[in-house]
Amino acid sequence: MKNQITNALSDFFFEYETPRQVLVRNRRVGVVCRIIQLGVLAYIIGWVFIYEKGYQSTDVAVSSVYTKMKGVGYTSINGTERVWDVADYVFPSQGDASFVVMTNYIITEGQKMGKCPELHGKHNCSSNADCEGGSFKRQMTGVCVDETKTCQVLAWCPVEDDLVIPDPPMLMSAENYTLFIKNSVTFPLFGVSRSNLVEGIDAGYISKCLYHPEDAPLCPIFRLGDIVKLSGFNFETIATVGGAIGIVVDWTCNFDVSVKHCKPKYTFHGLYGNPAETDKARASVGYNFRYAKHYMEDRYQKRTLMKVFGIRFDIIVQSLARKFDIIPTLTAIGSGVGIFGVATVVCDLVLLYLLPKRAFYKNMKFKYTDTHAQDPDSEACSTETEASKK
Amino acid sequence: MKNQITNALSDFFFEYETPRQVLVRNRRVGVVCRIIQLGVLAYIIGWVFIYEKGYQSTDVAVSSVYTKMKGVGYTSINGTERVWDVADYVFPSQGDASFVVMTNYIITEGQKMGKCPELHGKHNCSSNADCEGGSFKRQMTGVCVDETKTCQVLAWCPVEDDLVIPDPPMLMSAENYTLFIKNSVTFPLFGVSRSNLVEGIDAGYISKCLYHPEDAPLCPIFRLGDIVKLSGFNFETIATVGGAIGIVVDWTCNFDVSVKHCKPKYTFHGLYGNPAETDKARASVGYNFRYAKHYMEDRYQKRTLMKVFGIRFDIIVQSLARKFDIIPTLTAIGSGVGIFGVATVVCDLVLLYLLPKRAFYKNMKFKYTDTHAQDPDSEACSTETEASKK
Amino acid sequence: MKNQITNALSDFFFEYETPRQVLVRNRRVGVVCRIIQLGVLAYIIGWVFIYEKGYQSTDVAVSSVYTKMKGVGYTSINGTERVWDVADYVFPSQGDASFVVMTNYIITEGQKMGKCPELHGKHNCSSNADCEGGSFKRQMTGVCVDETKTCQVLAWCPVEDDLVIPDPPMLMSAENYTLFIKNSVTFPLFGVSRSNLVEGIDAGYISKCLYHPEDAPLCPIFRLGDIVKLSGFNFETIATVGGAIGIVVDWTCNFDVSVKHCKPKYTFHGLYGNPAETDKARASVGYNFRYAKHYMEDRYQKRTLMKVFGIRFDIIVQSLARKFDIIPTLTAIGSGVGIFGVATVVCDLVLLYLLPKRAFYKNMKFKYTDTHAQDPDSEACSTETEASKK
């Protein structure tokens, strides 16, 4: 018994099977077959490996973004000069990846809780009876104010008048503000961390550079006017009604070469309603929000309400790193061998079903066992030959 | 020499190899084998290609979200009426993807820096000796206040009394607020950008629609009460103690059909502590934070502290786009051919080891070379035949 | 006709093809071939399946994070004692995944809009002529102030003096603040939701635990000093000039085992400028932003400007879940079979081109058709034999 197993094992190790093949010497079939095989080979090497880099595995980064605005705005309204610094025009102030730079505003000063008539045009009335009902937008008191012919509401008074948006925008100087972006990415699968302050982008360079698509594509300091122009907007338009711009930081990296070549690429585009699109998409252009500064005056709580129109910037980090990996490589090779097999199947179909001498080739390729009664003679020779081995 | 290479090349191009095969005419093995092969074929075509869409590559979107609340709240405390507008109840105000809507609050007005006794129940004492030690929570002065029998602390005074949470919540009217979501997604691999204001969702429609799971599944305007109900919470409960709700915008898209069919799907669920789970999970239900409004009164800095209870909404964008790609298609076909080969191996095992006539089939399938001394006779015929070719 | 199809079908179902093979009994080739085949098998089973878990598909989570700080800071400046509570030192206040804890500050109180000389060192001048020109940073009035020898600017006056950063930092006590993180993740592909308050981390445990890498790795409450130390910073340094720290919550889960084993892992590292890196990277260390509190005094708008130095925390959720999936399993098997085929090709190359008896093996393996005129004799036997079948 033990001997038998040893024999079987040694048989197994000292033998090996290789398929017997017919070498078909037919020009037409040969050429067709070789062309298909070369095509498959070209696809696997050229497309899968070289073009699509199928020998690499991919990873997406986790990232963190910090932003800092610089610049001072200036307004002069009715002779009152005012400057606006970072603490005044950036929301929120702490340097998030998504923030709003105020470019225009409607200010309503000295609001206090009370009862006052609505704006002309909203809730017009001729008598108190028109001012009932469950409108959720405002808390009506049921009184129609004679002078304005509008309903009285319980609200922060006086109510905000936002019918006319200041044009030109109050803070056109926002065009010259600069934005500094710090971005740090980590590819967990490959254990690589990078910052957008790559090699060569040091403190000295940062202190004097300004981003330009061709001349300074790695400078992390951006002029607002440039960003707006590169994303296809007109600055005055977007500054007046507000808008949203995505700043895409693209990290497409190949870690088979030195990690130094892994550098960010900045692109800019409008969000929520591209200017190149139709009116339908523009339905939602414009960006504004309301913001209140509260204070006490004469022991009474008051607030300054600001309807802020501004440019919202979203720093969107997009990443795709690739690195050689044995698994996708061998999967690609393995399935490539499979497709190679398909080439042979196609050639066989031509050989066995289309060629005039198909019957001859069929006989060359196949050997029949005698268990099927249909054509005993055809198998006589081979069966005899093989049987004699026993 | 040159001639030789030309010959070899022409040989290579005008020949082709195809494996010789035995056509086993055995009903049992044939049926077993065909069933296995059909199973493999059904799996590859039905499962991999049709069901799992294995011929497509996938991509995840980068996205940007902007939100806007609408609605006015109303409170009447001790006869003092107040309305709360967007600038009062949304944190932060600028329309982030993650924000809090205040639904309840504990207000502590007129706090100023000073020394005052702690709340009853916290840091009880009978003498100054009880008020020593290094508690990090409060800055103790080492004095036990006789009237309250609590330690004196250096703090914003008077200290906040948050032992009792107002119930019912102060701002039940929050149920009728509406939330407008703008979401823009970009699939970088396929170069497709979409907005949740898809075809047909124009300014006219938005001005009058309200989201409903069946009737208006694409309307981007949501009533807060509906969101809370759809995520399985009771509005009064969540409004009282606060809670967190995720609004998932699901972009599952197939770019092999028209991009118009790529539409968002909104779902809602509780975060951090599902109401359907056990007490253990609920350990962390409730959402609140403290927020201060600073002001000057009589040249003295004061603040109004608000403990805000509210519903935190997180707009979570989830995306998966698919599109035909030649690489996964051919990988699937290639590995399918490989699995087809496994079917033949299984049938061969049956044929060569289980059938009664296995010895016969073995002879049909295999040809032995004579280098192995074990059974020289069996190979005589074939060796002769083959040798004669030379 | 119908009969013919039935016959063809029954033929197809009751037959099956299996390749004819040569069993080469050659020790050298056999051993080489078996070793290659075993290597391939070991790679597929050991590497692809066991090590890389190639039978699983992967998914990345969508997540939501809520944070809450606790602790009170204390400062005593020129005898004026002050405490700083959460509402004072966390920006923003509502518990975002990214927030700043103030640890140091430069305060400029009572600023009002007006004209005042610049700080010494900035815009020095000897006459009004030096104060012209288009500097965007400040709005100059064109006047050189005699006393300070600096240009006059229109600004919030007095201008902030941030030349000297307080050292030691004002709020060293921040070291003892605690941070509570609630994190909820959902793996959409597998339909699994998890919270970082996993089994065993209940309200009772949370009330008294503190994160420690070994002793309490699942406690979601972190001491700020510990976080800073674990991320490799010195607390006093980072507290003085500010810095950014990423708190990575790593969800690496295997859903083939019980979902209970899917637990978060917390790691900490510096962002934007690793302390272990060179000066170049450190170019961008430090974190600060300006923040203003507005108030009215004597009917005049004033503000308190704070230049906040602090630690910015980014909670970064990193996730990778794996689960058995039939598609990658069969793709791995299928392409493995393909690679197996490569092993045979390699052995064949050895057999047919390197061995001394290669001509003999070539004859065993190949059968030639007679359509090629080059060597008619060599094919005589086989052609005759095969032809006789017809």
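Residues numbered from 1 in each chain as written. Chains lettered and ligands numbered in written order. Predicted model: local features only at pLDDT ≥ 70, side-chain atom pairs only at ≥ 80, totals over all residues. Heavy atoms only, no water.

UniProt's Catalytic activity (unreviewed entry) comment on chain A is quoted here verbatim: "Ca(2+)(in) = Ca(2+)(out)". (UniProt positions renumbered as here; feature names shortened; annotations may be inferred.)

Participant: Break down the environment of Ala87 of chain A for me, with residues and values.
Facilitator: Mapped onto the secondary structure, Ala87 of chain A falls in helix 3 (residues 86-89). Taking relative accessible area as the criterion, Ala87 of chain A reaches 15% and is therefore assigned buried. Residues in contact with Ala87 of chain A, not counting those within four places in the same chain, are Arg290, Tyr291, Ala292, Arg303 and Leu305 of chain C. (Helix = DSSP H or I, 4+ residues; strand = E, 2+ residues; numbered from the N terminus. Buried < 20%, exposed > 50% of the residue type's maximum accessible area, 1.4 Å probe, protein only. Contact = heavy atoms within 4.5 Å.)

Participant: Explain the state of the cysteines to me, and be specific about the residues and the numbers.
Facilitator: All names here are of chain C. Using the criterion set out here, one finds 13 disulfides over all chains in the structure. The partner cysteine of Cys125 in its disulfide is Cys144, sulfur to sulfur 1.9 Å. Taking the sign of the S-S torsion, about 90° here, the bridge from Cys125 to Cys144 comes out right-handed. Here the residue Cys125 occupies a position in the loop between strand 8 (98-117) and strand 9 (139-145), and Cys144 occupies one in strand 9, the gap between them amounting to 19 residues. Residue classification places Cys125 among the buried positions, given a relative accessible area of 7%. Linked covalently through their sulfurs, Cys209 and Cys219 form a disulfide whose S-S length is 1.9 Å. Judged by the sign of its S-S torsion, about 75°, the cystine formed by Cys209 and Cys219 is right-handed. Remark: Cys219 occurs in the loop between helix 4 (203-206) and strand 13 (221-223) and Cys209 occurs in the loop between helix 4 and strand 13; sequence separation between them is ten residues. Note on Cys209: relative accessible area 11%, which makes it buried. You can call Cys219 buried: its relative accessible area is 0%. (Disulfide = S-S within 2.5 Å.)

Participant: I'd like to hear about the pattern of salt bridges, residue by residue, with values.
Facilitator: For the structure shown, the criterion picks out 34 salt bridges over all chains. For Glu297 of chain A, the salt bridge is made with Lys302 of chain A, and the minimal N-O distance between the two is 2.8 Å. The pair formed by Glu297 of chain A and Lys302 of chain A is uniform in burial state, with each residue classed as buried. The network of salt bridges with shared partners includes Arg82, Asp85 and Asp88 of chain A together with Arg303 of chain C. (Salt bridge = Lys/Arg side-chain N within 4 Å of Asp/Glu carboxyl O.)

Participant: Give me the lowdown on the relation of the copies chain A and chain B, citing residues and values where you can.
Facilitator: The two copies are related by a screw operation: chain A maps onto chain B through 120° of rotation and 0.0 Å of translation along the axis, at an RMSD of 0.1 Å. Between the two chains, the operation in question is that of a three-fold axis. Within chain A, the C-alpha atom positioned nearest to the axis of rotation is that of Ser335 of chain A, 2.7 Å from it. Little of the interface of chain A is mirrored in chain B, where only 20% of its interface residues again form contacts. (Least-squares fit on C-alpha atoms with pLDDT ≥ 70 in both.)

Participant: Explain the interface of chain A and chain B to me, using residue names and the numbers behind them.
Facilitator: Tallying the contact residues gives 85 residues for chain A and 75 residues for chain B. For the pair chain A and chain B, the summed buried area comes to about 7500 Å², and 57% of that belongs to carbon and sulfur atoms. For the interface between chain A and chain B, the tally reads two salt bridges. In this structure, the connection of chain A to chain B is made through 15 residue pairs in polar contact (both at pLDDT 80 or more). For the side of chain A that touches chain B, the element with the most residues is helix 2 (residues 27-51) of chain A, which contributes ten residues. Of the residues contributing to the side of chain A that touches chain B, the split by class is 38 nonpolar, 22 polar and 25 charged. Judged from the five bridges that link them, strand 2 (residues 21-25) of chain A and strand 1 (residues 15-19) of chain B form a sheet pairing that is antiparallel. Each residue of the ladder has a partner; that of Val24 of chain A, found in strand 1 of chain B, is Tyr16 of chain B. (Buried area = accessible area lost by both parts, 1.4 Å probe. Polar contact = N/O pair within 3.5 Å; in protein donor to acceptor, adjacent residues only side chain to side chain. Nonpolar A, V, L, I, M, F, W, Y, C, P; charged D, E, K, R; others polar. Pairing = 2+ DSSP bridges.)

Participant: Describe the interface of chain B and chain C, with residues and values.
Facilitator: The interface of chain B with chain C comprises 86 residues on the first partner and 75 residues on the second. In this structure, the connection of chain B to chain C is made through two salt bridges. Residues Arg303 of chain B and Asp88 of chain C are paired through a salt bridge, measuring 3.2 Å at the closest nitrogen-oxygen approach. Split by residue class, the side of chain B that touches chain C holds 38 nonpolar, 23 polar and 25 charged.

Participant: Describe the pairing of strand 9 (residues 139-145) of chain A, with residues and values.
Facilitator: Residue and element names in this part refer to chain A. Bridge count for strand 9 against strand 10 (residues 150-157) is four bridges, and the pairing is antiparallel. From the neighbouring strand, Val145 faces strand 10, where its bridge partner is Thr150. The antiparallel hairpin formed by strand 9 and strand 10 contains four residues in its connecting segment, where Lys149 sits at a positive phi of about 60°.

Participant: Hey, could you go over empty space enclosed by the protein for me, with residue numbers and the actual values?
Facilitator: All chains considered together, the criterion is met by eight cavities of 30 Å³ or more. Roughly 1100 Å³ of internal volume is contained in the largest cavity. Lining of the largest cavity is provided by 48 residues; of these, Tyr291 and Ala292 of chain A, Tyr291 and Ala292 of chain B together with Tyr291 of chain C occupy positions nearest its centre. Classifying every residue of the lining of the largest cavity by side-chain character gives 26 nonpolar, nine polar and 13 charged. (1 Å grid on protein atoms, 1.4 Å probe; cavity = no way out; pocket = protein on both sides within 12 Å on 5 of 7 lines; lining within 4 Å. Points joined across faces, edges and corners; volume = space filled by probe spheres on them.)

Participant: If you had to explain unusual backbone geometry to someone new, which residues and values would you point to?
Facilitator: Omega for the bond connecting Phe91 of chain B with Pro92 of chain B falls within 30 degrees of zero, at -10°, which places this linkage in the cis form. One can find Pro92 of chain B in the loop between strand 7 (90-91) and strand 8 (98-117). The step from Asp167 of chain C to Pro168 of chain C runs through a cis peptide bond, and the omega angle for that step is 5°. In this structure, Pro168 of chain C sits in the loop between strand 10 (150-157) and strand 11 (178-187). In this model, Asn78 of chain C sits at a positive phi of 50°, which is unusual for a non-glycine residue. Along the polypeptide, Asn78 of chain C turns up in the loop between strand 5 (73-77) and strand 6 (80-84). For Asn78 of chain C, a relative accessible area of 79% corresponds to the exposed category. The backbone of Lys149 of chain C sits at a positive phi, close to 60°, despite the residue not being glycine. Along the chain, the position of Lys149 of chain C falls in the loop between strand 9 and strand 10. Classification of Lys149 of chain C as partly exposed rests on a relative accessible area of 40%.

Participant: Residues and numbers for the environment of Ser64 of chain A, please.
Facilitator: The topology assignment puts Ser64 of chain A in strand 4 (residues 62-70). Residue Ser64 of chain A is classed as buried on the basis of its relative accessible area of 1%. Separated by 90 residues in the primary sequence, Ser64 of chain A and Leu154 of chain A have C-alpha atoms spaced 44 Å apart. In contact with Ser64 of chain A, not counting residues within four places along its chain, are Lys182, Asn183 and Ser184 of chain A together with Leu271, Tyr272, Asp314 and Ile316 of chain C.

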